[in-house]
Amino acid sequence: MTDGGEEVLKVENLKVSFNHGSTRTEIVHGISMAVHTGQVRVILGESGSGKTVFVRSSVGMNPRHSLVDGSSTFCGDPITFDGHGGGGSHFGKDIGMIFQDPTASLDPMYTVGEQLCEAIRAATNITSAMERRHRAVSLIESVRIREPEKAFDLYPHEMSGGMRQRISIAIAIAGSPKLIVADEPSSALDASVGVHVVHLINDLRNTAGTAVLFITHDISAARIIAAKPSDRVSVILKGNVVEEGPASSVLHHAMHPYTQALLGCEPSRDVVRGCLSVVPDSIRSCEQWGSLAEIEPDHFVALGSR
Ligand SMILES: Nc1ncnc2c1ncn2[C@@H]1O[C@H](COP(=O)(O)OP(=O)(O)OP(=O)(O)O)[C@@H](O)[C@H]1O
């Protein structure tokens, strides 16, 4: 399960649970995975499968009141599960986060330029305000917003949703991070703007070698972002990985019935068939699939129930 690049994030047997009164509910049941320099790992699964809880916990941004077990390392350093990014030292600089809703990650009271300058101040050792401004404008340009000088002075509400998402990407890359965590970055945008945002993240890993952990329920977005031979996909069902392997295998020759059902739900296929597909309840309701087994070289599938 490796790639030629440096191992940026390594997660081993991560379990996440929440206390509800006197009962503890486990949401993530022992997931392991790694992401390397220049590699995209897609975390694919339906809504509620535990993608966000798993990924956020793996970088030390576990939700409040969660209990995390297992281990995670960032460039070899252990991450502590304190809910603030493992002590906060990596966040904003070495790890950039892009969320589903850009409105929630931008402050309506400040211009995007001010917010970018603040991100640059926090993530770099640039002390001159003028230099920070130059860097902010060049970041705005790098996410392909026209007239970056003008955009610098706009408030978030003066921008379209696609522009706001580009600004949140610019903020995420302000410290030239080694890892970008993108949580459904295109799902709040219309289809064509969403595709541009996915391409933009892909360009970042191509030019800067950034490792990308990309959460999605959208097969089309997964196919766009995970197009290199070293890219991998982990398919999550109810807090377990049921299939893991090279993106080209998992997204084109899925072997687990759940992944096959997810691929069968792709809207373009439904249009051709003239009907809407759904994941059968019999697959989703299986309580525990077996452990991952290597079904073909480097392609792991959980078959049979425990
Ligand atoms: N802070 C929390 N306290 C208790 N339960 C939580 C908390 N956060 C998430 N959960 C539960 O964890 C489960 C997985 O949620 P998660 O957000 O990880 O799903 P997801 O796969 O990312 O879905 P979506 O694509 O809709 O965001 C859900 O059942 C959710 O109710």
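Definitions and cut-offs
Residues numbered from 1 in each chain as written. Predicted model: local features only at pLDDT ≥ 70, side-chain atom pairs only at ≥ 80, totals over all residues. UniProt positions renumbered as here; feature names shortened; annotations may be inferred. Buried ≥ 20, exposed ≤ 12 C-beta atoms within 10 Å, placed from the backbone. Helix = DSSP H or I, 4+ residues; strand = E, 2+ residues; numbered from the N terminus. Pairing = 2+ DSSP bridges. Contact = placed C-beta atoms within 7 Å. Axes fitted to C-alpha atoms, helices over the stretch in contact; angles between N-to-C directions. Domains from an automatic or database assignment. Nonpolar A, V, L, I, M, F, W, Y, C, P; charged D, E, K, R; others polar. Expected span 1.5 Å × (residues − 1). Core = buried A, V, L, I, M, F, W, Y, C linked by C-beta atoms within 7 Å. Near = placed C-beta within 6 Å.

The name given to the chain in an unreviewed UniProt entry is Dipeptide/oligopeptide/nickel ABC transporter ATP-binding protein, with Bifidobacterium olomucense as the source organism. Regarding the chain, the UniProt comment filed under Subcellular location (unreviewed entry) reads as follows: "Cell membrane". Under the Sequence similarities (unreviewed entry) heading, UniProt states for the chain: "Belongs to the ABC transporter superfamily."

Successive side chains on a regular strand alternate, one facing one side of the sheet and the next facing the other. Of all the seven residues making up strand E10 (residues 240–246), seven are buried; the element is thus mostly covered by neighbouring parts of the structure. For strand E9 (residues 232–237) and E10, the ladder comprises six bridges, and the chain directions are antiparallel. By the bridge assignment, valine 235 is partnered in E10 with glutamate 243. Remark: two residues form the turn of the hairpin made by E9 and E10, two consecutive strands paired antiparallel; lysine 238 in that turn has positive phi of roughly 45°.

What the four strands build is an open sheet, ordered E2-E1-E4-E5; its pairing is antiparallel. In the strand order of this sheet, the two ends are held by strand E2 (23–36) and strand E5 (77–78), each with one partner. Relative to E2, strand E1 (residues 7–20) is paired through eleven bridges, and the arrangement is antiparallel. Opposite valine 11, over in E2, you have methionine 33 as the bridge partner. Running over the sheet, helix H1 (residues 51–58) touches E1, E2 and strand E4 (66–74) and is turned about 120° from E1.

Per the domain assignment, the segments of the chain are domain 1 (7–94 + 176–253) and domain 2 (108–174). In this structure, domain 1 and domain 2 have C-alpha centres spaced 25 Å apart. With 14 residues of domain 1 at the interface, the matching set in domain 2 holds twelve residues. The dominant element in the side of domain 1 that touches domain 2, judged by the number of residues it contributes, is helix H7 (residues 191–208), at six residues. Looking at side-chain class alone, the side of domain 1 that touches domain 2 contains ten nonpolar, three polar and one charged residues.

A sheet is described by the order of its strands in space; here eight strands give the open sequence E6-E7-E8-E3-E9-E10-E12-E11, paired in mixed fashion. Every interior strand has two partners, whereas the edge strands, strand E6 (95–98) and strand E11 (292–296), have only one. Each adjacent strand pair in this sheet contributes to an overall mean axis angle of 20°, direction not counted. In this structure, strand E7 (residues 179–183) lies alongside strand E8 (residues 211–216), joined through five bridges in parallel fashion. When the bridges of E8 are listed, isoleucine 180 appears paired with valine 212. Against the sheet, H1 touches strand E3 (40–44), E7, E8 and E9, its axis set at about 155° to E8. Taken strand by strand, H7 contacts E3, E7 and E8, and its axis lies near 165° from that of E7.

Between its terminal C-alpha atoms H7 stretches 26 Å, which fits the 26 Å expected from 18 residues at 1.5 Å a residue. Looking at the buried residues of H7, the elements they touch are E3, helix H6 (161–172), E7, E8 and helix H8 (219–225). At the C-terminal side of H7, glycine 209 shows a positive phi close to 70°.

Before going further, it helps to examine the nonpolar core. Counting residues in hydrophobic clusters, the biggest one holds 84 residues, and the most contacted among them are Val42, Leu116, Ala170 and Ile201. For this core, the domains that each give at least three residues are domain 1 (7–94 + 176–253) and domain 2 (108–174). Once residues within four sequence positions are removed from consideration, alanine 170 is found in contact with Leu116, Leu139, Ile140, Ser142 and Val143.

Attention shifts here to the site of the ligand. Looking at the ligand, the residues that line it are Phe18, Ile27, Gly45, Ser47, Gly48, Ser49, Gly50, Lys51, Thr52, Val53, Pro63 and His217. Broken down by element, the residue count for the shell around the ligand peaks at three residues, all from H1. Split into classes, the residues belonging to the shell around the ligand amount to four nonpolar, seven polar and one charged.

With that settled, the discussion passes to H6. Between its first and last C-alpha, H6 extends 16 Å over twelve residues, near the 16 Å set by a 1.5 Å rise per residue. Taking burial as the measure, the twelve residues of H6 include ten buried ones, the bulk of the element. Turning to H6, its buried residues number three or more, namely Met163, Arg164, Gln165, Arg166, Ile167, Ser168, Ile169, Ala170, Ile171 and Ala172. Against the buried residues of H6 lie E6, helix H2 (102–105), helix H3 (112–123), helix H4 (129–142), E7 and H7.

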